[in-house]
Amino acid sequence: MGSLLQSIVDPKKNWLAALHMKTISRRLRNYGLRYDDLYDPYYDIDVKEALNRLPREVVDARTQRLKRAMDLSMKHEYLPENLQAMQTPFRSYLQDMLALVKKERAEREALGALPLYQRTIP
């Protein structure tokens, strides 16, 4: 069953998945975002922990991309075509750290230990 699901969502094997990926890529390039920018640290505490572990330059670049995207959205504009061509929407910066955080959390749960981080109300 897992291989069937993999083949359905793999853009190299399914033309609908490739079309979806192309559409998402175009929309992200319009605003200068990366796919990892769409993860919300307020929704998932693993994402928040992964962002805390990343270097400061990477987090600052993410913040600047999000600010630019919000500004362009409010102005009902897109990035100029020459800047859109330079964007790399599917170059990941968060996935490796997020996988490590999820693995550590699963290991702690398997051992019966308390989580290192918990959701708090601001």
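- As annotated in an unreviewed UniProt entry, the chain is Cytochrome b-c1 complex subunit 7 from Trapa incisa.
- Turning to the chain, the UniProt annotation filed under Function (unreviewed entry) states: "Component of the ubiquinol-cytochrome c oxidoreductase, a multisubunit transmembrane complex that is part of the mitochondrial electron transport chain which drives oxidative phosphorylation."
- For the record of the chain, the UniProt heading Subcellular location (unreviewed entry) holds the text "Mitochondrion inner membrane".

**Topic: the environment of alanine 106**
Inference 1: Structurally, alanine 106 is set in helix 6 (residues 95–111).
Inference 2: Considering only alpha carbons, one finds alanine 106 and glutamine 64, 42 residues apart in sequence, at a separation of 32 Å.

**As for the confidence of the model for the chain**
Inference 1: Across the chain, pLDDT averages 89, with 93% of residues at or above 70.
Inference 2: The least confident element of the chain, judged by mean pLDDT, is helix 1 (residues 2–9) at 72; the most confident is helix 4 (residues 56–74) at 97.

**Things to note about helix 3 (residues 45–53)**
Inference 1: Those residues of helix 3 lying buried are Asp46, Val47, Glu49, Ala50 and Leu51.
Inference 2: Packed against the buried residues of helix 3 are helix 4 and helix 6.
Inference 3: Residue aspartate 44 occupies the N-cap position of helix 3, its side-chain oxygen lying 3.1 Å from the main-chain nitrogen of aspartate 46.

**Structural notes on the packing of aromatic side chains**
What describes a pair of aromatic rings is the distance from one ring centre to the other and the angle between the planes of the rings.
Inference 1: Tallied over the full model, the rule gives 3 aromatic pairs.
Inference 2: Ring centres of tyrosine 31 and tyrosine 78 lie 5.4 Å apart, and the angle between their planes is 75°; this geometry places the pair in the edge-to-face category. One end of the pair, tyrosine 31, is in helix 2 (residues 15–31); the other, tyrosine 78, is in the loop between helix 4 and helix 5 (81–86), with 47 residues separating them in the sequence.
Inference 3: Relative to tyrosine 39, the ring of tyrosine 35 lies with its centre 6.4 Å away and its plane at 85°, an arrangement referred to as edge-to-face.
Inference 4: Exposure remark for tyrosine 35: the relative accessible area of 38% places this residue in the partly exposed category.
Inference 5: Taken together, Tyr35, Tyr39 and Phe90 form an aromatic cluster joined through their ring pairs.

Calculation notes
- Residues numbered from 1 in each chain as written.
- Predicted model: local features only at pLDDT ≥ 70, side-chain atom pairs only at ≥ 80, totals over all residues.
- Heavy atoms only, no water.
- UniProt positions renumbered as here; feature names shortened; annotations may be inferred.
- Helix = DSSP H or I, 4+ residues; strand = E, 2+ residues; numbered from the N terminus.
- pLDDT = per-residue confidence, 0-100.
- Buried < 20%, exposed > 50% of the residue type's maximum accessible area, 1.4 Å probe, protein only.
- Contact = heavy atoms within 4.5 Å.
- Polar contact = N/O pair within 3.5 Å; in protein donor to acceptor, adjacent residues only side chain to side chain.
- Phe/Tyr/Trp six-rings, centres within 6.5 Å; stacked < 30°, edge-to-face > 60°.

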